[in-house]
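# Survey of secondary and tertiary structure
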Amino acid sequence: MVSIHDALNAVKNNINPLFKETIKPLERCGGYYLSKDIVSPINMPPFRQSAMDGYALFLHSDLAYTLIGEVKAGDSHELVLKPGEAVRIFTGAPVPETANAVMMQEKVVVNDSKITIENDIPVAHNIRPLGEQVKTGELALKKGTKLTPAAIGYLTSLGITEVAVYKKPSIALITTGNELVEPGKPLVYGKIYESNSKMLLNALYNLKFYDVTIHKIEDDYIKTKNKLETVINTNDMVIVTGGISVGDYDFVGKALKELQVEEVFYKVKQKPGKPLFFGKKEDTAIFALPGNPAAALSCFYVYVFIALQKMVNKDIVELPRVKAKSVSKFEKRGDRPQFLKAIYNDDEVEILEGQNSSMLQTFALSNALVFAPEDVSEIKHNDMLEVILLPN
Ligand SMILES: Nc1nc2c(c(=O)[nH]1)N[C@H]1C(S)=C(S)[C@@H](COP(=O)(O)OP(=O)(O)OC[C@H]3O[C@@H](n4cnc5c(N)ncnc54)[C@H](O)[C@@H]3O)O[C@H]1N2
Ligand code: MOO
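Residues numbered from 1 in each chain as written. Chains lettered and ligands numbered in written order. Predicted model: local features only at pLDDT ≥ 70, side-chain atom pairs only at ≥ 80, totals over all residues.

The chain carries the name Molybdopterin molybdenumtransferase in an unreviewed UniProt entry, which gives Flavivirga aquimarina as its organism. Its UniProt record gives the chain a comment under Function (unreviewed entry), which states: "Catalyzes the insertion of molybdate into adenylated molybdopterin with the concomitant release of AMP." On record in UniProt, under Pathway (unreviewed entry), the comment for the chain is "Cofactor biosynthesis; molybdopterin biosynthesis." (UniProt positions renumbered as here; feature names shortened; annotations may be inferred.)

So, in C-alpha cells, the structure goes:
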C-alpha cells in the first residue's frame, strides 16, 4: 500500500505528454493546444479601418472641412481627399489612403457639404492601422497556445479554417460486474443499474475529452483479459471500474498482470479508493478504479485528472486546493487519510452526511472534497481545512 503523496507523484512521473498531432476544423478545436506555430496569412485589420462612425479627414490647420463623399463598411471604392476635405465614414469602413484622422460624429457640426469639427485631433486619431493586431507573415499564435473561444475567434478573423493541434487521448471506459444492468431495463433482484460509465463519461466530457468509448464486461476472467488486451492496444488511456479488490470474482488485477501491464502502484492508503491500481503498458496508462461509485469518482478527480492534464501538456496538473473554515463536525475513523464530499462556499466548507464510498447522493450535492489527513481524527467547527475544488 502506498501513501497518497507517493501515488500522486507516481502518476505525475509516469505520464508523458502525448504529442500526437492531428489536423482539425478550427471550430472543433476548443480546449485543444496548437502543435505548430501559426503565421498570419493576412494583415489584421486588412486595411486601415475606421474605429468610429463619423468623418475621415485630410487634416489641415482649420476646423472646417468640405465633405466630398461617403464610405460605409464593406465599400471597396477609393476616394481621394485633398487637405481640408472630409468623407462621411462608418465604423469598420476602409479609411481612404489620403485621410489621416477620423472625428466621431458627436463632435462634428454638419451644414450641407460643410462640416466643422469641435477641436483639433492628432494624425491617426480613430484609425485602426493596417496590420495593427498582426501583419502578414508574422507569428499569430505560438505552438502550445490553448485554443480558447477568443483564440478561435482571432484565428478565424485571419481566415484560418483548420489547425494542427495536439491530439487528446483516446480513452476506453470499462465497467465490470454481473450485477450491472443498463438503465431503462427492468431491475431484477440482486442487480443494480450501471452508473459509473455515464458518470465518468460526463466527467471526461466536462474536461473536454471527447474521444471516449464505453465497454462492459461480465465477471469472467477470459472475457476480462480479452477485452482489456484489445482496449489497451488501441487507446492512450484505459479506465476500468470495479473488479479490482480481493474477491473471487475480481479479475481485473489478475488479467492486467497476465497482460504484462507494469504495475506502478496498487492500493493507496486512503478512503475512499483503497484498491486503486495504476499501471502502464507502453504508452497506454491504465487506471483500475474501485467499483463503488463515489470512490471511483473521487479517484478520478484526484488521480486520473492529473494524468489527463499531463497527457495534454498542461502546466497545472492538479485541481485547485484552498483553505476553508469548517462549518461542520466530523469524526474520522481509522488511520486512512480521507477525501470527504463537501460543499465549499465563500471560504467556508460543509462536510456532508453520508460519506460512504457507495453514495453518490451526497456527491451529487458536492462541489469540493475536504482532505482529512491521516493524523486527524476529529474535525470541529472553525477548523481550517484543506479543500479540493471540483470542476463545475
Ligand atoms: N475483503 C475485502 N473486501 C473489500 C475490500 C478489502 O480490502 N477487503 N475493499 C473494499 C473497498 S474499500 C472497495 S472500494 C471495494 C472495491 O471493490 P472493487 O473495485 O472490486 O469493485 P466491485 O466489487 O466490482 O464493486 C464494488 C461496488 O460497486 C458497485 N459497482 C461496481 N461497478 C459499478 C458500476 N459500473 N455502476 C454502479 N455501481 C457499480 C458494485 O455493485 C459494488 O457494490 O471492495 C471492498 N471489498
Ligand atoms: O476504499 Mo473503498 O473506496 O473505501 O470503499
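### A few points about the UniProt feature "domain: MoaB/Mog" (unreviewed entry) in the chain
UniProt feature "domain: MoaB/Mog" (unreviewed entry): in the numbering of this structure it lies at residues 172-310. In residues 172-310, helix accounts for 36% and strand for 26%; the two terminal C-alpha atoms are 17 Å from one another. (Helix = DSSP H or I, 4+ residues; strand = E, 2+ residues; numbered from the N terminus.)

### Here's the deal with the site of ligand 2
In the vicinity of ligand 2, the residues found are K271, P272, G273, K274, P290, N292, A295 and S357. In terms of residue class, the shell around ligand 2 is built from three nonpolar, three polar and two charged. (Near = placed C-beta within 6 Å. Nonpolar A, V, L, I, M, F, W, Y, C, P; charged D, E, K, R; others polar.)

### Comments concerning the packing of helix α1 (residues 4-14) against helix α6 (residues 293-311)
Interhelical geometry of α1 versus α6 gives an angle of 25° and a closest axis separation of 9 Å. Taken together, the axes of α1 and α6 lie roughly parallel to each other. For the pair α1 and α6, the crossing hand works out as right-handed. Facing α1, whose interface residues are A7, L8, V11 and K12, α6 presents Y303, I306, A307 and K310. Partitioning the contact of α1 with α6 into residue classes produces six nonpolar, no polar and two charged. (Axes fitted to C-alpha atoms, helices over the stretch in contact; angles between N-to-C directions. Parallel < 35°, antiparallel > 145°, perpendicular 65-115°, else oblique. Left-handed = near helix turned anticlockwise from the far one by under 90°. Contact = placed C-beta atoms within 7 Å.)

### Some thoughts on the confidence of the model for the chain
Taken as a whole, the chain shows an average pLDDT of 96; of its residues, 100% reach a score of 70 or greater. Two numbers describe this predicted complex: its pTM, 0.84, and its ipTM, 0.97. (pLDDT = per-residue confidence, 0-100.)

### Quick word on the sheet that holds strand β4 (residues 54-57)
Here six strands make up an open sheet; going across it, the order is β7-β4-β6-β5-β9-β8 and the pairing mixed. Two strands close off the open sheet at either side, each with one partner strand: β7 (101-104) and β8 (108-111). In this sheet, adjacent strand axes meet at a mean angle of 35° when their direction is disregarded. Looking at chain direction, strand β5 (residues 64-71) and strand β9 (residues 114-117) are connected through three bridges and run antiparallel. Bridging from a neighbouring strand, Y65 pairs with I115 of β9. (Pairing = 2+ DSSP bridges.)

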